[in-house]
Amino acid sequence: MKTLISWTALFLFAAWPPSQAAAQDWPHWGGDLGGTRFADVPSLTPETVGRLEEAWRFRTGDSTEGSGYFGNPSSFKSTPILIADRLIFTTPFNRVIALDPVTGKELWRFDPEVDFTIEYSEMFTSRGVAAHEKPSSPTDTPCHTRVFLGTLDARLIAVDAVTGMPCLEFGKAGEVDLTSGIRRVRRGEYSITSPPTVVNGIVVVGSSIGDNGAARLEDGTVRGFDALTGELLWSFNPVPRQAGDPGAESWPDESYRQTGAANVWSVMSADAERDLVFLPTSSPSPDFFGGKRPGDNLHANSLVALKARTGELVWAYQIVRHDLWDYDLASQPLLADIDIDGVSTPVVAQATKMGFVFVLHRETGEPIHPVEERPVPVSDVPGESAASAQRFPAIRLHEIGKALPPIFAVDDAHVAKCEEMLGGARYEGIFTPPSLDGTVLFPGNPGGVNWGSMAAYEAGSVAVVAVNRLPTLVKLIPRREFRQRRKKAVLNGVEAEFTAQSGTPYGMARFELFNGESGFHCLEGPWSTLVAIDLATAETLWEVPAGRRPGIDDDHPAASWGYFANGGPVVTSGGLVFLATQYDRMLRAYDLRNGGVVWSEALPAGPQATPMVYERNGDAYLVLTLGGLTAEGRRGDHVIAYRLPR
């Protein structure tokens, strides 16, 4: 793939590394409250990265293939935080482990004893923890620094960062029941899979909801708790509950009563100085039929800014109207102060599953760059009324027309199988609504950009993001026919996911356009790329492949198409971008000036998370969890650290 080099960026980074930098911790899941994934570690440069060496490995013992007692496979997606001189992360079974950041030695382990007799809709996963330091207390006071964990069985737990013991003054014996006050809770369908956000002494918590089962599901309520006592301070529901609530006018005939979800299952960001917390909300239920919820459906699929201390709505910007594609806002919002026309401007940038990036003013929610209103295809499903127009921002990392890419001509058998899978499905460009004949969603619901999110070199207004371009086929099936077809679980000749969407006239079936017989995606690439963009100008600086399909040579047509990126990138002040890719089990370092690969390392298992970087004793460390498959086909449970000696 052609690399686009910005001479402005080259000039910006020419003076690296900076002369001085303080020792770097990683106190938040995204590096800082703003989710920049930026490590001020100037020793890690394109010239020095070749000296990285493995420092230690740790095995958690927490993995499952999804058989027997554990019905789902595990998914180790945790990015550790570094606080109180402990490297702290969660396992797929919600256990919290603290390691010595220099040696990798286990210091403590906390088990919340999640009930695994329950069948959870999510894979066994947890993306990590958040932390809070108690103000005005001695550092050796128990729970001076506390770690917050959300569990699959919907509890918020506080433990001492130093010892791993529960903070008993928080909630009831160290925990809060998050199902309390939530309507229609279903066991195993209402969970917490991402870390909360802690800002100004408030723990802000969202939820994960199995949102395709029915129309009327759990509320997607976001709540703020006192970080010391666990007292509930405020609640905000993205879906209005009564006339007069913010956004109620966008739900004709009080249709907000017929839905749920619009929850925040991903990670929030916060601006402590402005007392703002930023919520990336998801789709209302169910994902693929909105006939029971006509209207634009505020504040679903929106970036919402609340006052952190009170939960008061400050502003909201809807990114997808009347979502029919499962286009949740899965990425953590990125906060940065960038130079626009000589003025330092506070912005929040939201990457999306569509491959779009919206850059908004952090205080007002107004777009920094032009946003077009474009007409989009209409629905032909009885009872559905899709939005007539959607928003298209200036930064579009997935710019496609009204025709799909050609089927990848691996061989005749691959082409024939993919033609069968497509089965005459409808596609008229992005935002083509689901149909009774089947619709191709391109990009599909995995993205675009998912929870891996963006990273930023703020001084240069540069953001880096991994973008997938993989389609999904979705078909709506009338209720009576659905009951019969669900038993076979096959659609267009392949195994598919079938969900009921109860309370609507249609069930749903979907699958990704990947041919398991040939081992290739159906359509031509690029399939996944790493992209650098200028947030101030909306320009693309460079774009290179992200990952690579295993087993192909350099001269293979797909060698330059990337493959799939699950986690996201991290950026260092020394001018490096690190990205780990799951299916080729590789960790790569890229030169931030031009996207060139300057270092790579084979991994013992596939990475499903974003790396993190810190300094100790003058040495730089990069740490990554590995939860994908090993070469032998077993689930990984690894934590691996690389060190750049002083």
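Everything below is about the structure printed above this text.
Residues numbered from 1 in each chain as written. Predicted model: local features only at pLDDT ≥ 70, side-chain atom pairs only at ≥ 80, totals over all residues. Heavy atoms only, no water.

1. Focus on empty space enclosed by the protein
- Taken as a whole, this structure holds 5 cavities of 30 Å³ or more when the rule is applied.
- The computed volume of the largest cavity comes to approximately 110 Å³.
- His28, Trp29, Ala130, Pro196 and Thr197 are, among the 16 residues lining the largest cavity, the residues nearest its centre.
- Counting only elements with at least two residues in the lining of the largest cavity, the list comes to strand S9 (130-133) and strand S14 (197-199).
- For the lining of the largest cavity, the class distribution of residues is 11 nonpolar, 4 polar and 1 charged. (1 Å grid on protein atoms, 1.4 Å probe; cavity = no way out; pocket = protein on both sides within 12 Å on 5 of 7 lines; lining within 4 Å. Points joined across faces, edges and corners; volume = space filled by probe spheres on them. Helix = DSSP H or I, 4+ residues; strand = E, 2+ residues; numbered from the N terminus. Nonpolar A, V, L, I, M, F, W, Y, C, P; charged D, E, K, R; others polar.)

2. What to know about the nonpolar core
- In terms of nonpolar packing, the biggest core is built from 37 residues, with Leu44, Trp56 and Phe578 touching the most fellow members.
- Within the residue set of this core, elements represented by two or more residues are strand S2 (53-59), strand S5 (86-90), strand S6 (96-99), strand S42 (576-581), strand S43 (586-591), strand S46 (612-616), strand S47 (619-630) and strand S48 (638-644).
- Ranked by residues supplied to this core, first place goes to S47 with 6 residues.
- Residues within four places of Trp56 in sequence aside, it is in contact with Leu87, Leu99, Asp100, Pro101, Val102, Thr103, Gly104, Tyr614, Val623, Val639, Ile640 and Ala641. (Core = buried A, V, L, I, M, F, W, Y, C linked by side-chain atoms within 4.5 Å. Buried < 20%, exposed > 50% of the residue type's maximum accessible area, 1.4 Å probe, protein only. Contact = heavy atoms within 4.5 Å.)

3. Observations concerning helix H2 (residues 412-422)
- All of the buried residues along H2 are His414, Lys417, Cys418, Met421 and Leu422. What you see down the axis of H2 is that its buried residues fit within an arc of 140°, all on one side. Among the exposed residues of H2, those pointing more than 90 degrees away from its buried face are Asp412 and Ala413.
- Each element contacted by the buried residues of H2 is listed here: strand S29 (439-441), strand S32 (472-478), strand S34 (494-495), strand S36 (506-512), strand S37 (514-515) and strand S38 (520-521).
- In this structure Asp411 caps H2, since a side-chain oxygen of it lies 3.2 Å from the backbone nitrogen of Ala413.
- With its phi angle positive at about 50°, Gly423 sits one or two positions after the end of H2. (Arc of directions from axis to C-beta. Polar contact = N/O pair within 3.5 Å; in protein donor to acceptor, adjacent residues only side chain to side chain.)

4. Considerations on the pairing of strand S40 (residues 539-545)
- Sheet analysis places strand S39 (residues 528-534) next to S40, joined by 6 bridges and oriented antiparallel. Each residue of the ladder has a partner; that of Asp534, found in S40, is Glu539.
- What sits between S39 and S40 in their antiparallel hairpin is a turn of 4 residues, with Ala538 showing a positive phi close to 70°. (Pairing = 2+ DSSP bridges.)

5. Some details on the pattern of salt bridges
- All told, the structure shown has 39 salt bridges when counted by the stated rule.
- Here Glu47 ties to Arg593 by a salt bridge, and the two come within 3.5 Å at their closest N and O atoms. Residue Glu47 is located in the loop between strand S1 (38-39) and S2, and its partner Arg593 is located in the loop between S43 and strand S44 (597-602); the two are separated by 546 residues in the primary sequence.
- Judged by its relative accessible area of 63%, Glu47 is exposed. (Salt bridge = Lys/Arg side-chain N within 4 Å of Asp/Glu carboxyl O.)

6. Quick notes on the packing of aromatic side chains
- The final tally for this structure, using the stated rule, is 24 aromatic pairs.
- Look at Phe482 and Phe498: their rings are 6.1 Å apart centre to centre, the planes differ by 40°, and that puts the pair in the tilted class. With Phe482 in helix H3 (residues 479-488) and Phe498 in strand S35 (residues 497-499), this pair connects stretches of sequence that are 16 residues apart.
- Judged by its relative accessible area of 9%, Phe498 falls in the buried class.
- Ring centres of Tyr614 and Tyr621 lie 5.2 Å apart, and the angle between their planes is 10°; this geometry places the pair in the stacked category.
- Each member of the aromatic cluster is reached from another via a ring pair, and the members are Phe408, Phe520, Trp527, Trp561, Tyr563, Phe564 and Tyr583.
- Across the ring face of Trp451, the terminal group of Arg127 is positioned such that the distance to the ring centre comes to 5.1 Å. (Phe/Tyr/Trp six-rings, centres within 6.5 Å; stacked < 30°, edge-to-face > 60°. Lys NZ or Arg CZ within 6 Å of the ring centre and 35° of its normal.)

7. A short note on the sheet that holds S36
- Here we have 4 strands laid out as an open sheet, ordered S29-S32-S36-S35, and antiparallel in their pairing. Looking at strand neighbours, the two that pair on one side only are S29 and S35, the edges of this open sheet. Averaged over neighbouring strand pairs, the angle between their axes works out to 25° when direction is ignored.
- Judged from the 3 bridges that link them, S29 and S32 form a sheet pairing that is antiparallel. (Axes fitted to C-alpha atoms, helices over the stretch in contact; angles between N-to-C directions.)

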